[in-house]
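# Remarks on the overall topology
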Amino acid sequence: MKRFGFLDRAVDYLKEAGMEVQLFEGIESDPSVETVMRGAKAMEEFQPDWIVAMGGGSPIDAAKAMWIKYEYPDITFEEMCKVFGMPKLRRKAHFCAISSTSGTATEVTAFAVITDYEKGIKYPLADFEITPDVAIVDPDLAETMPQKLVAHTGMDAMTHAIEGLITKGAWELSDMFEIKAINMIHRYLPVAVEDPTNPEGRNGMAVAQYVAGMAFSNVGLGVDHGMAHPMSALHDVPHGVACAILLPTVMRFNAPAALDKYVDIAKALDVYTPGMTKEEAADAACTEIENLSRRVGIPAHLSDLGITEADIDALADQAIADVCTPGNPREVTRDDIVALYKSIL
């Protein structure tokens, strides 16, 4: 953001509007508890009325957590992790998110993910209080994304859309958004990966990930995200890669619990043909997601990421306890999770 001049432009706009501005920079790719506490301290000293978070999912997630601590200086990180149990915000500041990537949709969601590196655990924070007041989605900001990041964040968005469609909390209104997002991501992600400066792909992905985010933020996700979080925390796997490498396998596991939805997915992916059984449509949908992952450069096996069979127990322990896992449409046990990991070693 800084190198390409976007940060300076944003600062200039705020100053032109009569605002005093202070920057907090240097957020890790997986923001830490320590960074959150440092940022909250800087906010306490500056006393902002507005918090403007600019960048990908990491700086926006970090800023959401800083915001909580700024509003309630005595709150502990453990208290912040209480799902849908946060105190009322906006006593001191409102929040604006400006997204520079097309995937996490954190600019419109009630979630943030913070890593405790000492424990090796990624903690999802979840509460509608941390949904930004203003979201700015400018596709021009995504033009500077490298191809790998376009692929990773785009497959994260696809995982949001598919998990959001089949999660236990899904309903007709969220389904409408997720089906549209699946169709758009399937259409525009290969275009955006091939050439991140292509306006058709860039604009399409900016809208699609936003649409997926609006829906899943209201209905939740599932075991794919539950299994992906520890892969990032324990093995530094990029979140979108973790989601994508798991997605076809987790989809096949969940298919018996959501066959009607899988017909919708197959239609959105343009792989449904008249006369298909529900099972055939589900298989076609899973295969097409697998093909899409390969087309955009996602590896096929956990071993490609340096994960071995000896790592699976620790991953499964965290995955079964993850806040996303209970939303899975099919009941899942720790043994199921171990088997899913092993199946893609």
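Procedures and definitions
- Residues numbered from 1 in each chain as written.
- Predicted model: local features only at pLDDT ≥ 70, side-chain atom pairs only at ≥ 80, totals over all residues.
- Heavy atoms only, no water.
- Core = buried A, V, L, I, M, F, W, Y, C linked by side-chain atoms within 4.5 Å.
- Buried < 20%, exposed > 50% of the residue type's maximum accessible area, 1.4 Å probe, protein only.
- Helix = DSSP H or I, 4+ residues; strand = E, 2+ residues; numbered from the N terminus.
- Contact = heavy atoms within 4.5 Å.
- Salt bridge = Lys/Arg side-chain N within 4 Å of Asp/Glu carboxyl O.
- Expected span 1.5 Å × (residues − 1).
- Patch = residues over 30% accessible without salt bridge, like charges linked within 9 Å, V, L, I, M, F, W, Y side chains within 5 Å.
- Areas by Shrake-Rupley, 256 points an atom, 1.4 Å probe, with all protein chains shown as cover.
- Disulfide = S-S within 2.5 Å.
- Phe/Tyr/Trp six-rings, centres within 6.5 Å; stacked < 30°, edge-to-face > 60°.
- Lys NZ or Arg CZ within 6 Å of the ring centre and 35° of its normal.

### Some points on the nonpolar core
- With 69 residues, the main nonpolar core has Met-158, Met-231, Ile-265 and Tyr-341 as its most contacted residues.
- Looking at which element gives the most residues to this core, the answer is helix H9 (residues 239–254), with ten residues.
- Leaving out residues up to four positions away in the same chain, Met-231 has contacts with Asp-236, Val-237, Ala-242, Ile-245, Leu-246, Leu-302, Leu-305, Ile-307, Leu-315 and Tyr-341.
- Counting 26 residues, the second largest nonpolar core, distinct from the first, contains Ala-53, Trp-67, Tyr-70 and Ile-130.

### Points about the pattern of salt bridges
- Scanning the model with the defined rule gives 15 salt bridges in all.
- Lys-261 serves as the salt-bridge partner of Asp-175, at 3.4 Å between the closest nitrogen and oxygen. A residue pair is termed long-range when its members are at least 10 positions apart, and Asp-175 in helix H6 (residues 172–194) and Lys-261 in helix H10 (residues 259–268) qualify at 86 residues.
- Accessibility expressed as a relative area gives 13% for Asp-175, which makes it buried.
- The closest approach of N and O atoms between Glu-288 and Arg-295, which form a salt bridge, is 3.4 Å.
- If you follow the salt bridges from partner to partner, you end up with Lys-88, Arg-90, Glu-129 and Asp-133 in one network.

### A few points about helix H11 (residues 278–295)
- In this model H11 runs 26 Å from its N-terminal to its C-terminal C-alpha over 18 residues, within 8% of the 26 Å that 1.5 Å per residue would give.
- Buried within H11 we find Ala-281, Ala-282, Ala-284, Ala-285, Cys-286, Glu-288, Ile-289, Leu-292 and Ser-293.
- The inward-facing, buried residues of H11 contact helix H5 (147–166), H6, H9 and H10.

### Some thoughts on a nonpolar patch on the surface
- On the surface, a nonpolar cluster with roughly 380 Å² of combined accessible area is contributed by Met-19, Trp-50, Val-52, Val-134 and Ile-136.
- When contributions to the nonpolar patch are tallied by element, the ones reaching two or more residues are strand S1 (50–55) and strand S5 (134–137).
- Secondary-structure assignment places Met-19 in the loop between helix H1 (6–16) and helix H2 (33–46).
- We classify Met-19 as partly exposed; its relative accessible area is 37%.

### As for the state of the cysteines
- Evaluated as defined, the whole model comprises zero disulfides.
- Not part of a disulfide, Cys-286 finds its nearest cysteine sulfur in Cys-243, a span of 16 Å.

### A closer look at the packing of aromatic side chains
- Applying the stated criterion to the full structure yields four aromatic pairs.
- When the ring of Phe-84 is compared with that of Phe-128, the centres are 5.2 Å apart and the planes differ by 45 degrees; the resulting orientation is tilted. With Phe-84 in the loop between helix H4 (77–80) and strand S2 (94–99) and Phe-128 in the loop between strand S4 (121–126) and S5, the pair connects residues that are 44 residues apart, well separated along the chain.
- In this structure Phe-84 comes out as partly exposed when scored by relative accessible area, which is 41%.
- A centroid spacing of 5.9 Å and a plane angle of 10 degrees characterise the contact between Phe-111 and Phe-216, whose relative ring orientation is stacked. Here Phe-111, found in strand S3 (residues 111–116), pairs with Phe-216, found in helix H7 (residues 199–219); they are 105 residues apart in sequence, far enough to count as distant.
- The cationic tip of Lys-92 hangs over the ring face of Tyr-70; the distance from NZ or CZ to the ring centre is 4.8 Å.
- For Arg-330, the ring lying beneath its charged end belongs to Phe-253, and the centroid distance is 4.0 Å.

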